[in-house]
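Here's the letter readout for the chains.
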Amino acid sequence: MDSKEESSADQEGERGLAYIWQAGCTCPAPERLPGWSAKTVLQAALGVNHGVLLSEGGEVYSFGKLPWRVGLEDTYISCPILEKILSGQHVIMVAAGSFHSGAVTEDGVVYMWGENSSGQCAVANQTSVPEPKPVSISDSETNHLLPIRILQLACGEEHTLALSLSREIWAWGSGCQLGLITNTFPVTKPQKVEYLAGRVVLQIACGDYHSLALVQCLPIQDVKPIPERCNHCSQLLITMTDKEDHVIISDSHCCPLGVVLTDSQSENHLFCSSLETLGVKSTISSQNEDCQKTVTEDQTLAVTDYDAASVFSNSDGQEDSGISCPGNLLVTDKTAVNQDPVNLSDHSLNDSGEKQSDPQPEQHSQQEDLIACLPTPSGPGTSALNSLVASCASAVGVRVAATYEAGALSLKKVMNFYGTVPGDTVSPSSGCSSGLDGLKDSREEQVKLESMQGKKSSSLVDIREEESEGVSRRLSLPGLLSQVSPRLLRKVGRAKMRTVALTPTYSGEADALLPSLRTEVWSWGKGKEGQLGHGDVLPRLQPLCVKSLDGKEVIQLSAGGHHSLALTAKSQVYSWGSNTFGQLGHLSSPTTVPRLAKVCSDNNIWNIAAGPDYSLFLIDGEDFQPSLYYSGREEKGKDDFSSEESCFKSPTLLLNCNKLGYISSMAAGGSNCLALADKNIMGYIASLHELASMERQFYSKLSAIKSQVLRPLLGLDNLGAASTVQLLQEMASKFSKLCYLIGQHGASLTSFLQGIKEAKNLAILKHSRLFLESYTEYCTSLTNFLVMGGFSLLAKPAVDFLSKNQTLLQDLSETNEEAYPLVEVLNALFFLPFRRLHNYARVLLKLATCFEVTSPEYQGLQDSSSCYEALAVHLSRKRKEAEYTLGFWKTFPGKMTDSLRKPERRLICESSNRALSLQHAGRFSVNWFILFNDALVHAQFSTHHIFSLSTLWVEPVSEESGNMNGLRVTTPEEQFILVSSTPQEKTKWLRAISQAVDQALKGTSDLPPYGGSGSIQRQEPPISRSAKYTFYKDPRLKDAVYDGRWLSGKPHGRGVLKWADGRMYSGMFRNGLEDGYATGEVYEGSFQDNMRHGHGLLRSGKLTSTSPSMFIGQWMMDKKTGYGVFDDITRGEKYMGMWQDDLCQGNGVVVTQFGLYYEGAFNNNKMMGSGVLLSEDDTVYEGEFSDNWTLNGKGTLTLPNGDTIEGTFSGEWGSGIKITGTYFKPTLYDHEKDRPKRLRKLGNLAVPADEKWKAVFDECWHQLGCEQAGQGDRWKAWDNIAVALTTNRRQHKDSPELLSRSHTQTLESLEFIPQHVGAFTLEKYDSIKKYLIKACDTPLHPLGKLVETLVAVYRMTYVGVGANRRLLQEAVREIKSYLKRIFQLVRFLFPDLPEEGSTIQFLVAETKGRRSFCSGRSDSRPDSPEPGYVVTSSGLLLPVLLPRLYPPLFMLYALDNEREEDVYWECVLRLNKQPDTALLSFLGVQTKFWPTTTSILGENKKVLPNTKDACFASAVECLQQISTTFTPADKLKVIQQTFEEISQNVLENLNEDFLWSMDDLFPVFLYVVLRARVRNLGSEVHLIEDLMDPFLQHGEQGIMFTTLKACYYQIQHEKLT
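Residues numbered from 1 in each chain as written. Predicted model: local features only at pLDDT ≥ 70, side-chain atom pairs only at ≥ 80, totals over all residues. Heavy atoms only, no water.

Caption draft 1: Molecular detail of the overall build of the protein chain. Each helix and strand in the protein chain was counted, giving 43 helices and 64 strands. Per-residue burial over the protein chain gives 55% buried out of 1617 residues. Taking as baseline every contact in the protein chain between residues at least 6 positions apart, the subset at least 24 positions apart corresponds to 60%. Only carbon and sulfur atoms are counted for the fraction: they give 53% of the accessible area of the protein chain, which is about 69800 Å². (Helix = DSSP H or I, 4+ residues; strand = E, 2+ residues; numbered from the N terminus. Buried < 20%, exposed > 50% of the residue type's maximum accessible area, 1.4 Å probe, protein only. Contact = heavy atoms within 4.5 Å. Areas by Shrake-Rupley, 256 points an atom, 1.4 Å probe, with all protein chains shown as cover.)

Here it is as structure tokens:
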């Protein structure tokens, strides 16, 4: 064989060989298709008389009878012919209906051809389609133009289904098997099957007249609560049937017409009407005769197959949207129900049968009947329970009536329990949700009667069997209303525990990558042979879930002529429907519900195909070579005319097929069967079959352990201690998860064998991580359980249960020795799964040998094999470690065991053999050292100490010290030397401790180091590391927790230290001590030599309180010194002033929450010396003070009305003051002059603004490398900035959440310094401005840090108690001081920036003249006399600073202007009541300026006398923006724009150019100001006045601002008459 062929492990013509033979032959002779070249067949599909093949190149061939092909109407084509139209389309799937075919291309396009009399090819008005024709499928709801891409196709006799990429079903053709809400057939435009929209459909299958879908279960949270009654027929969902000696409670109502769309009312109406039409249609339409004939033909069957309960019972209500009406079977006469339920059921069925057999013309009356059947809502007060008891009571007569109440009570109990059994009442989706499949399995064990699986709408025959099932679906009560037996209730209650135990049986990730096992089967269409599986023979117009297959893990469906097959992950097949020829593979009846097919002794079926009246099963044979079994119609020889059809035989093995090679898939058609087989070259195919077969058997084994051992065990009432149960549950849930993964893998391999079989697509290779992790997790949970004592800890009931089943356990665990102890058997059983890893490795290696050594396939398989082998070795080492640890605990003294024994703790080594001792230990002391994987334990007589490995350092003692075999162990608070007996022991312990520490620091990695390089261990762990530690000895740090960097046993680097009382330090540490800048709950700020030094914030008081007292300001050697603000929450006072040695000393200001204001001198924390005191009502005292709020000495008292008293004062303010002095009553003339003068002096005795926050600015200068402000090397400063940015960025790299992407970009852009050469231009000024905005945006930049700190201190000063109107001027001065000092910093960094007030000349290009507003002259900018831009600190820095300081500042303005703003506002509200024209004339606006029309929402409207808020609307809107801006410059721009808007409006009206005079302009502007209704206009005006650039005052903006100010004062004094 040449290398190319060898590398692909394949030979031309040895894969996908198609063999065909006649169905029903007792000894078939499979033959190759005549004339078929050596092309590989990927897939085949058979119709009644034709077949379609898909070859490797994506080409499609047809053979057989092709009557739709022109020229070939009557010929039989035995040699397949190419469908040329599909050449080049690369088809990925083909499908065949009875007489039509379909194909799906790689792009998801569907092509159909063949018979089309029922529209099954989606072509209108054409009986057949000769050539493949594309079908357009698009969703009208989402997008007409976007075609829907298709994955799968299935064809029946008269219909076709397609499964889209978004997992929704599309249907076309004719009949109720489409599942569409329509009554017009044929459907030639593909329509979505709405009922399953939104669900994930995994596979579709079509029988002749029925459809099947495999649907993924809904996640648990999507399950809806169960309604009490059916949404449509108002029948109870739970019913009771009374027997002579007991009662059956049933929840098995099932509506025959399928399920409705949604449970919202509106759609119910819609559905009822559609039901009506559907019902009528089914009786009228000739197309659908079968759909309506079913009941008439099978009347007798219907009666026996439908039980009394089902007439007035209801299904679980589990379909998400409720249950639809049971069409003709609905009983409207309630009394009839009450009289005799059983007779009635027969009666109604006969009735309905008669009705349906009526001749067709009687349409009208039928319609009325159907309308009568439509739901009537039940009375609001009836609960399911009461109605149930009531109907039951009336059914059995007076005997019951007397004990009605008692009965209700006992039933209530039953119902309550009933409600708590999760598996019984949850919706379909839950059936397959993780924990619940547990419940399903337990049902399976409880009731070995497989026949009971499907009685959703049970038959009369079934009632006895139902009773035997007990808990699972209904409760059987002895005697009608006697108390329920406690045993039964206990049994019901127990189900709860079971479901808890095995919850996480699947993982979402695995579900996304591998086939899901959480599936449901849905069916619809004609059901007269029972092929729908709902326990009856009625047609279904919409999909309905086949309840009895819930939790059965169906992975493949196949639909025959009138029967259905479902293959499960456990390699079993359920079959239902027509069994005339034994095609179901079993003899159980009724066949209207799924039953297990009995194909061969060990059920290991892995592929199925259903033909018209037979079934094919593919089974693992000897040596993993598949065998083909056949069940169904058998052709007689020519001479045998004895009977029409042959009798049933059990499935037979078609022997000849074994000679074909390894069969991978088969197709069943009319009279022919076809199989695709592969030749086993170099063992490649055999190895794949071995892998798949072993995996499926392995899954069956795991499932058996889960259902026969784990689930019953966890269902026991008393398992032992809570901790044991928790570990056991953890182990069981990980086992369950592994089991589910293996099941998925088995299913994935089954579908893999039916495909192209490329080794690289094996899940075990592609998703190896899933397998490795699941095995590792399971091993960890199992060894944890083992270490804590394992199965020997279980309580007596559990041990009894296990002992009773010892033989079962021995069989499952494959230990056959008699004398094996129970615990050993259990350990063997639960460690069994790890053997599978060796098998994976072996098979993968076998597969690898089929490829060239150099090929990537060989490499991938080889690597994967060694991976699984390495994991197997690693996990067996883990088992040994666990057993070693368990052995150690058994010998260890009891008391200590309890405190030290943890599930995840493993022993590494211990010194009981005296190999290690403590240096300088006493003669009689006992020192025992035990090394675990997470701690070193030093045990003495009765005490022990645990040293965590993450904060343990070990090193050999140097030999010079004379100690040859010593090891020095360092921990944060201890250091000791261990002496070993020999050098070998020393090396052993040093290596063991180092490796354990290293492993503990890496995080306990359970996974082995995959690949060769990773297995090299580090020789020793790092000296510097990150770890968490709680101090227990150190008096200063006792009980404090440190989390951060360490160096040789000491905190070193960045870290956080938290004390038990809530104190915290976060920052840098050096050799165990706090160092540098830090933030914390208690103190945030600068440290130097472990003392607070520099600027800092201290919170004190009760840490739990939301607002403790706070100090922010300057510190020196741990003392408050310099300027600082102290907020004393408890006394409601705030001090802003100078400090010395923690005392208020020097000038300062105090404000209180009661509005008192003091400024003046302080001495030793007291107001002492001269000062000024103002109270809320403007009473002012200026003079001497001797203590807080205590007047003492000369002074002047000014009363609010201007009267003054001069003299000597003594006493505390507010509690009576003695005065000796003179009283002055000012004359009328000096009153005005005097009062403002007194208040104007405020601030003289406060700390000058430039003296405040010096430490903050000094710190910034220091960061730039300057000793004093403005003295230093500029380039050194830039270097320092760059260093600060990069180190900060590096520190934040560890915690990326602190840095957003934009922040990172800002930092990167700050690393470029704006360079300037040549004359300073406006462009350069802008680049500096941009740099400053970015720098101030990040606290990592020194300027940004400065701004951030200033904002913090400003807010700290002026909020809360500090929001006092007297502080306004102080606050404004402080901002101006910030500007001045930051500007100095900026000019230091950018020396070519001109000084304050200089002008930057415009370039000639920039001086494009702009028309001045009030005068005709043209100039470049109105702001300055000569063309140019004035540089000011406020222009440059206010935009950065003011927005952040705006809230507290504006608050002060609002408080200061409160009185006058109230007057202004009252006037605004009054004047705004007038319409526009009235207000304009009131304000004296000249009529020529009045707008005549206004534009409202784009259309011009005339201004009428009653028009309001329409004139000058754009100007009004513009002025309102003033409140949304921060800086004076921005506010002035808004005013300027307002003027321009006014001008624009007037110009439009006048249609001529004109110039404003102030007399004309003022009234118009006044109108706009009034209409703008700016609430705090006074504050806005004063803020602009205080902070605007002085050079603007005489420019155009200055004039405009003066106009606004004039308007504000004018409005206050406006006469309202």
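Caption draft 2: Quick look at the pattern of salt bridges. For the coordinates displayed, the defined rule picks out 46 salt bridges. Between K1225 and D1203 there is a salt bridge whose closest N-O contact spans 3.2 Å. Of the two residues, K1225 is situated in the loop between β58 (1218-1224) and α29 (1228-1240) and D1203 in the loop between β56 (1190-1198) and β57 (1204-1212); the sequence distance between them amounts to 22 residues. Relative accessible area serves as the criterion here: at 58%, K1225 is assigned to the exposed category. On the basis of relative accessibility, which here comes to 3%, the residue D1203 falls in the buried class. Here E1580 makes a salt bridge to K1531, at a shortest N to O gap of 2.6 Å. Of this pair, E1580 sits in helix α42 (residues 1577-1587) while K1531 sits in helix α40 (residues 1528-1550), and the two are 49 residues apart along the sequence. Overall, the relative accessible area of 3% leaves E1580 in the buried class. Overall, K1531 belongs to the buried group, its relative accessible area being 0%. Three or more residues joined by partner-sharing salt bridges are found here, namely D1178, R1365, R1366 and R1459. (Salt bridge = Lys/Arg side-chain N within 4 Å of Asp/Glu carboxyl O.)

Caption draft 3: Quick look at the nonpolar core. Judged by nonpolar contacts, the single largest core of 113 residues is most densely connected at Y775 and F830. Not counting chain neighbours up to four residues away, the residues in contact with F830 comprise I705, V709, L710, M731, F735, Y778, L782 and F791. The next biggest cluster of nonpolar side chains, apart from the first, holds 76 residues, and it includes L1264, A1371, V1372 and L1583. (Core = buried A, V, L, I, M, F, W, Y, C linked by side-chain atoms within 4.5 Å.)

Caption draft 4: Expanded view of the packing of aromatic side chains. Scanning all chains against the criterion turns up 54 aromatic pairs. Where F1111 meets W1139, the ring centres are 5.1 Å apart and the plane angle is 80 degrees; that geometry is what we call edge-to-face. Placement of the pair is F1111 in strand β49 (residues 1109-1116) and W1139 in strand β51 (residues 1133-1140), with a sequence separation of 28 residues. For the residue pair F1111 and W1139, the accessibility class agrees, reading buried in each case. With centroids separated by 5.9 Å and ring planes inclined at 75 degrees, the aromatic side chains of Y1331 and F1390 adopt a geometry described as edge-to-face. Taken together, the positions of Y1331 in helix α33 (residues 1322-1335) and F1390 in the loop between α35 (1368-1389) and β59 (1399-1400) put the pair 59 residues apart, joining distant regions of the chain. Summarising the burial analysis for this pair, Y1331 and F1390 share the class buried. Members of the aromatic cluster, connected to one another through ring pairs, are F735, F771, Y775, Y778, F785, F791, F830, F831, F834, Y840 and Y868. (Phe/Tyr/Trp six-rings, centres within 6.5 Å; stacked < 30°, edge-to-face > 60°.)

Caption draft 5: Geometry of helix α30 (residues 1254-1263). Those residues of α30 that sit buried are A1255, V1256, F1257, C1260 and W1261. Buried positions along α30 lie against β48 (1091-1100), β49, α34 (1342-1358) and α35. In the segment just after α30, G1265 is the residue with positive phi, at about 90 degrees.

Caption draft 6: Region of interest: the packing of α34 against helix α36 (residues 1433-1456). Taken N-terminus to C-terminus, the directions of α34 and α36 make an angle of 5 degrees; their axes are 10 Å apart at the nearest point. In terms of orientation, α34 lies roughly parallel with respect to α36. Counting all contacts with α34, which are made through V1347, V1351, Y1354, R1355 and Y1358, the residues of α36 involved are L1441, R1444, L1445, P1447, P1448, L1449 and L1452. Of the residues in the contact of α34 with α36, the class split is ten nonpolar, no polar and two charged. (Axes fitted to C-alpha atoms, helices over the stretch in contact; angles between N-to-C directions. Parallel < 35°, antiparallel > 145°, perpendicular 65-115°, else oblique. Nonpolar A, V, L, I, M, F, W, Y, C, P; charged D, E, K, R; others polar.)

Caption draft 7: Broad picture of the side chain of E520. Topologically, E520 is positioned in strand β22 (residues 519-525). For E520, the side chain forms a polar contact with the side chain of W522, separated by 2.8 Å. (Polar contact = N/O pair within 3.5 Å; in protein donor to acceptor, adjacent residues only side chain to side chain.)

Caption draft 8: Region of interest: the sheet that holds strand β24 (residues 554-559). Strand order across the open sheet formed by four strands is β24-β25-β26-β27, with antiparallel pairing between neighbours. Both edges of this open sheet fall to β24 and β27 (595-596), since each of them pairs with a single strand only. Judged from the five bridges that link them, strand β25 (residues 563-568) and strand β26 (residues 573-577) form a sheet pairing that is antiparallel. Pairing of A566 across the sheet is with Y574, part of β26. (Pairing = 2+ DSSP bridges.)

Caption draft 9: Broad picture of the environment of L802. Mapped onto the fold, L802 is located in helix α22 (residues 796-804). Sequence separation between L802 and V823 is 21 residues; the distance between their C-alpha atoms is 9.6 Å. Discounting chain neighbours no more than four positions away, the residues touching L802 are V709, L713, L794, L809, L822 and L826.

Caption draft 10: Layout of the pairing of β49. Most of β49 sits inside the fold, with seven of its eight residues counted as buried. Across seven bridges, the pairing between β48 and β49 is antiparallel. By the bridge assignment for β49, L1097 is matched with I1112. As defined by bridge partners, β49 adjoins strand β50 (residues 1119-1128) across six bridges and the pair is classed as antiparallel.

Caption draft 11: Layout of the sheet that holds strand β31 (residues 652-653). Taking strand neighbours across the sheet as the criterion, the four strands line up as β28-β29-β30-β31 in an open arrangement whose pairing is antiparallel. On the outer flanks of this sheet lie β28 (605-610) and β31, each paired with one strand and no other. Strand direction decides the pairing type here: strand β30 (residues 626-632) and β31, joined by two bridges, are antiparallel. Of the residues in β31, the one forming a bridge with Y630 is T652.

Caption draft 12: Layout of the confidence of the model for the protein chain. This prediction gives the protein chain a mean pLDDT of 77; 73% of its residues lie at or above 70. Predicted confidence is poor over residues 259-486, with pLDDT under 50, and the contacts of this stretch with residues over four places away or in other chains come to 471 contacts. Taken together, the stretch residues 1011-1015 has pLDDT below 50 and engages in two contacts with residues farther than four places along the chain or on a different chain. (pLDDT = per-residue confidence, 0-100.)

Caption draft 13: Summary view of the environment of V853. The residue V853 is located in the loop between α25 (835-848) and α26 (856-891) in this model. When residues no more than four places from it in sequence are discounted, the contact partners of V853 are Y858 and Q859.

Caption draft 14: Just unusual backbone geometry, in detail. Cis geometry is adopted by the peptide bond preceding P186, which originates at F185 and carries an omega value of -5 degrees. Here P186 lies in the loop between β15 (169-173) and β16 (187-192). Here the residue pair S589 and P590 is connected by a cis peptide bond, since its omega of -5 degrees sits within 30 degrees of zero. Relative to the helices and strands, P590 resides in the loop between β26 and β27. A positive phi angle, close to 55 degrees, is found at M682, a residue other than glycine. You can see M682 is positioned in the loop between β33 (672-678) and α18 (684-714).

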